[in-house]
Every structure is written in C-alpha cells, then in structure tokens.
Amino acid sequence: VLASLPLQMMLYFNVYYFPAWCLAEGMMLQLKYQLLPRHYQFLLVSAFLILVLAEGSRLYLGYVGNLQEK
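- If you look the protein chain up in an unreviewed UniProt entry, it shows as TMM17 protein from Ciconia maguari.

1. A look at the UniProt feature "transmembrane region" (unreviewed entry) in the protein chain
And step 1. Here, UniProt's "transmembrane region" (unreviewed entry) annotation points to residues 12-30 and 42-61.
And step 2. Across residues 12-30 one finds 100% helix and 0% strand; the C-alpha atoms that close the span lie 28 Å apart.
And step 3. The distance from the first to the last C-alpha atom of residues 42-61 is 28 Å, and the span holds 100% helix and 0% strand.

2. Focus on the side chain of asparagine 66
And step 1. For asparagine 66, the location among the structural elements is in helix α2 (residues 38-67).
And step 2. Taking the relative accessible area as the measure of exposure, asparagine 66 reaches 8% and is therefore buried.
And step 3. Those residues in contact with asparagine 66 that lie beyond four places of it in its chain are Ala3, Ser4, Leu7 and Gln8.

3. Structural notes on a nonpolar patch on the surface
And step 1. Taken together, Leu5, Met9, Tyr12, Phe13, Val15, Tyr16 and Tyr17 make up a surface patch of nonpolar side chains, about 780 Å² in accessible area.
And step 2. The residue methionine 9 is located in helix α1 (residues 5-32) in this model.

4. Re the pattern of salt bridges
Oppositely charged side chains are able to pair whenever their charged atoms sit close together.
And step 1. In this structure the tally under the stated criterion is 1 salt bridge.
And step 2. Put simply, glutamate 55 and arginine 58 hold a salt bridge, and the shortest N to O gap is 2.6 Å. Of the two residues, glutamate 55 and arginine 58 are both situated in helix α2; the distance of 3 residues between them amounts to about one turn of the helix.
And step 3. Here arginine 58 falls in the partly exposed class, since its relative accessible area comes to 41%.

What counts, and where the lines are drawn
Residues numbered from 1 in each chain as written. Predicted model: local features only at pLDDT ≥ 70, side-chain atom pairs only at ≥ 80, totals over all residues. Heavy atoms only, no water. UniProt positions renumbered as here; feature names shortened; annotations may be inferred. Helix = DSSP H or I, 4+ residues; strand = E, 2+ residues; numbered from the N terminus. Buried < 20%, exposed > 50% of the residue type's maximum accessible area, 1.4 Å probe, protein only. Contact = heavy atoms within 4.5 Å. Patch = residues over 30% accessible without salt bridge, like charges linked within 9 Å, V, L, I, M, F, W, Y side chains within 5 Å. Areas by Shrake-Rupley, 256 points an atom, 1.4 Å probe, with all protein chains shown as cover. Salt bridge = Lys/Arg side-chain N within 4 Å of Asp/Glu carboxyl O.

This is the structure in structure tokens:
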C-alpha cells in the first residue's frame with residue numbers, strides 16, 4: 001500500500017491555509033467579542049479553541065498517518 005498523493009497534497013495546502021484561517025477568525029473574534037453577552041463570549045472562545053486543537057491534531061495525524069501508510 002502506497003501513500004495517497006491527493007491526500008498528501010490536500011494536507012500540505014491545508015497546513016499553509018490553516019494559520020491564515022486562524023488569524024482571520026481570531027481577528028473577527030476580537031472585533032465582535034465586546035458586543036456579545038457573556039455566555040456567547042464563552043461559547044465562541046471555547047468553540048474556537050476546540051476547532052483549532054482538533055484541526056491541528058487532525059492535520060498532524062493525517063500527515064504522519066499518510067506518510068507512514070497507517
């Protein structure tokens with residue numbers, strides 16, 4: 001079984017676009033943060049952190065798993 005080239009290409013480009021997405025999303029979060037009620041502030045920051053951690057781990061595991069053919 002060989003590593004998947006299309007998957008590797010998607011992971012490669014996603015690794016470069018992910019920081020841009022994080023920056024844009026963080027800037028939007030900062031802009032609207034003060035206008036939201038406290039419970040929405042908490043939910044928005046929690047969701048952002050969970051998405052960042054999940055996407056980072058998904059990219060890492062996909063990259064390692066594809067290259068090691070797992």
